[in-house]
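Listed below, chain by chain, are the residues.
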Amino acid sequence: MTYEKKEQMYEGKAKKVYTTNDPDVVIVDYKDDATALNGKKKGTIVGKGVINNKLTNYLMQVLEKQGVPTHFVSELSDRETAVKKVTIVPLEVIIRNISAGHFASRYGVDEGIVFAHPTIEFSYKCDELDDPLLNHYHAIALKLATQEEIDLITELSFKIDEVLCAFFKDVGVTLVDFKLEFGKTSDGKIVLADEISPDTCRLWDAKTGEKLDKDRFRRDMGGVEDAYQEIMRRVMGA
Ligand code: TMP
């Protein structure tokens, strides 16, 4: 099946989405635009779109092999991928293995505390409200998802953590935390959607603790492009 790009359906902060000749498939086109602080900080990370496209596709295929259903269909070009058309569940799922970012600031602890068990948190995917944190009772009250969907999303998210932690460990990278989004296909199946990349994961060099992710952009640390390339090289040997 060859997929033809038709109309632009949506433009997000990091990606554009197009309809195709197949009503169940859309094309995602990754941009180099980078935002932080919910869009308040804007910039460009040269080559990011290519890296995030390829990394996401690679990692989604690793996950598929381990039994995690994803939206991935096929990579079309450096920046474009065909994915199953889904309705995004408006929950951002964050898994943390080590304290960092908002966990550290919210609870007043240092970054780098290794947890005995990973944590999960949900936020309501809503830019106008700055993606507020909520628990699963709130999500059900707001009809963002059903109990069964949240149970499945929770189970899949911890499974994804297990698979990705082991995968990154093998290439000398510590998976600190990450954000996932799930979608529902036209036949009602919940699948992993969105991306898995240095934009959405905290990735630290296992030996030196050097940050190899978007925190370099968020915190104006420099070396952003090099960090993304280093992750690409470690994961894909390219
Ligand atoms: P946080 O510490 O800022 O809550 O971020 C936790 C992880 O989730 C981190 O790896 C970055 C990722 N993340 C996103 O991908 N998008 C977001 O909007 C937020 C807030 C975090």
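The numbering scheme is per chain: residues are counted from 1 as the chain's sequence reads. With the structure being a predicted model, the display of local features is reserved for residues of pLDDT at least 70 and the display and counting of side-chain atom pairs for 80 or more, all residues being used for whole-chain, interface and lining totals. For side-chain calculations, the full set of non-hydrogen atoms in the structure is used, while hydrogens and water are omitted.

Overview of the side chain of E121
- What counts as a helix is a DSSP run of H or I of at least four residues, what counts as a strand is a run of E of at least two, and both are numbered from the N terminus. Looking at the element boundaries, E121 is found in strand β10 (residues 114-124).
- The term polar contact refers here to a pair of N or O atoms within 3.5 Å; inside protein, the definition further demands a hydrogen-donor-capable atom paired with an acceptor-capable atom, and it admits residues adjacent in sequence only when both atoms are side-chain atoms. Among the polar contacts made by the side chain of E121, one reaches the side chain of R96 at a distance of 2.8 Å.

Digging into the sheet that holds strand β6 (residues 72-75)
- In space, the 5 strands of this open sheet follow the order β1-β2-β3-β7-β6, with antiparallel pairing throughout. Of all strands in the sheet, those with a lone pairing partner are β1 (5-11) and β6, marking the two edges. Shown here is a sheet whose adjacent strand axes are inclined to one another by a mean of 30 degrees, direction ignored.
- Two strands pair under a simple rule: DSSP has to find at least two bridges between them. Strand direction decides the pairing type here: β1 and strand β2 (residues 15-20), joined by 4 bridges, are antiparallel. If you follow Y10 over to β2, its bridge partner there is V17.
- Every residue pair with non-hydrogen atoms within 4.5 Å of one another is taken to be in contact. Only C-alpha atoms enter the line fits that serve as axes; for helices the fit covers just the stretch in contact. Angles between N-to-C directions range over 0 to 180 degrees. Across the sheet, helix α1 (residues 48-65) lies against β3 (25-30), β6 and β7 (80-84), angled at about 130 degrees from β6, the strand it touches most.

Observations concerning the site of the ligand
- By convention in this text, a residue qualifies as near a molecule or strand provided that one of its non-hydrogen atoms is within 4 Å of it. Lining the immediate environment of the ligand, one finds 14 residues, of which R96, H102, D177, K179 and R202 sit closest.
- Between the ligand and the protein, one listed contact pairs an oxygen atom with a backbone N or O atom of T200 at 3.5 Å.
- R202 has a polar side-chain atom sitting 2.9 Å from an oxygen atom of the ligand.
- Here the Shrake-Rupley method, with its probe set to 1.4 Å, supplies the accessible areas, and only the displayed protein chains count as covering residues. Across the complex, the protein chains shield 82% of the 440 Å² of accessible surface that the ligand would expose by itself.
- Per-class residue counts for the shell around the ligand are 4 nonpolar, 3 polar and 7 charged. Throughout, the ten residues Ala, Val, Leu, Ile, Met, Phe, Trp, Tyr, Cys and Pro are labelled nonpolar, Asp, Glu, Lys and Arg are labelled charged, and all others, Gly among them, are labelled polar.

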